[in-house]
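Tertiary structure, described
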Amino acid sequence: MMFGNWKDIDRMFGTLDLLNSRMDRVMNEFNKTLGYDPNWTVTDSVPRTNLYDKGEHFEILAEVPGFSKEDLNVKIQGNYLEVSGTRKIDAPEGYCCLRTERGTTTFLRSFTLPSDVDSARVEAMVENGFLTMRLPKTEASKPKQITIS
Amino acid sequence: MGERTDLVKRDKTHPETTRRIPKVRPLVDIYECDNEILLHADMPGVKKEDIAIDIDNGKLHLSGVRGIKAEGAANWVEFGDVEYVRSFSVPQTIDLEKINAELKDGVLRLHLPKSEAAKPRQIEIKAA
């Protein structure tokens, strides 16, 4: 009988499961070494950003490791925001290079913000490799409380 | 049945965790000169006190946790809390006592000085 021994079939599937999980693990390791993990590539040519809407203002957070405030430029017009930067290559003199991964030194990224911001009152600061920008909304785009009569 | 349990055994030994932070490998540059090996690692947003550098048995283990204070409604989020983790093999010639590190603008700079015995030496040839 072909499927006489269910235990054998069960065992076969068990083995497949095991193989599957082993392969997953191998592929994960592989992706990690090459930096292919789609969620966590740091090899992007532009810094990753987060944008939060805090009612009265927007807050943009960007990852800019190795950039000091002199290395960054921010331009704003209406709801258009442009952040650019150039990182000095920090290879010390007289050293030979064994490994270079932090290659990106120049970037430009532009955004369309959800609403107009008051460019005169924008504050930006760099700390610990994060660029934080506080972008106050213009009067017209601020949230308004409507009283029900 | 004994064989079967052996085949389908899985790793379920991890203790229960309430919240898992993704682990990321930071990008590094490594430089070497006659006196030391220098390692630069990009770790944006990590504070000095959240970095741990352990050296044990020729392995250098680098770990830095960053947390983001996020308030308000997120319009888009491209990054979040992560743990930067990476391990390296350290050659025997490194003087473990003198290792030092600095953190500036989200870049960790780790100096691994070579021990005196490992530095290149010029041998003078004596005239016979």
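Values in this document were obtained by computation on a predicted structure and should not be read as measured data. Sequence order as written defines residue numbering, which begins from 1 separately in each chain. To label them, take the chains in the order written and letter them from A, then take the ligands in the order written and number them from 1. In keeping with the predicted nature of the model, local features appear solely for residues at pLDDT of at least 70, side-chain atom pairs appear and are counted solely at 80 or more, and the whole-chain, interface and lining totals rest on all residues. Side-chain figures throughout are based on the complete set of non-hydrogen atoms in the structure, without hydrogens or water.

Re the pairing of strand E3 (residues 72-77) of chain A
Residue and element names in this part refer to chain A. Filter applied, for reference: Each pair of strands is called paired provided DSSP finds at least two bridges between the two strands. In DSSP terms, a helix is any run of H or I states spanning at least four residues, a strand is any run of E spanning at least two, and both are numbered starting from the N terminus.
With six bridges joining them, E3 and strand E4 (residues 80-86) adopt antiparallel strand pairing. Across the sheet, Asn73 pairs through a bridge with Ser84, a residue of E4. The turn linking E3 back onto E4 is made up of two residues, and Gly78 within it adopts a positive phi angle of 60 degrees.

A short note on the sheet that holds strand E6 (residues 73-77) of chain B
What holds strands together in a sheet is hydrogen bonding between their backbones, with the strands either parallel or antiparallel. Under the convention used in this document: Axes here mean lines fitted to C-alpha atoms, for a helix over just the part in contact, with angles spanning 0 to 180 degrees between N-to-C directions.
The antiparallel open sheet is built from five strands, whose spatial order is E7(A)-E8(A)-E2(A)-E1(A)-E6(B). One side of each edge strand has no neighbouring strand; the edge strands of this open sheet are strand E7 (123-127) of chain A together with E6 of chain B. Each neighbouring strand pair of the sheet contributes to a mean axis angle of 15 degrees, computed without reference to strand direction. One ladder, built from seven bridges, connects strand E2 (residues 57-63) of chain A with strand E8 (residues 130-136) of chain A; its direction is antiparallel. Directly across from Ile60 of chain A, in E8 of chain A, lies its bridge partner Met133 of chain A.

As for the pairing of strand E2 (residues 28-32) of chain B
Residue and element names in this part refer to chain B. The condition is simple: Throughout, exposure labels follow a simple rule: accessible area from a 1.4 Å probe, protein chains only, divided by the maximum for the residue type, with under 20% read as buried, over 50% as exposed, and the rest as partly exposed.
With four of five residues buried, E2 lies mostly within the body of the structure. Note: E2 against strand E3 (residues 36-42), five bridges, orientation antiparallel. For Ile30, the partnering residue across the bridge sits in E3 and is Leu39.

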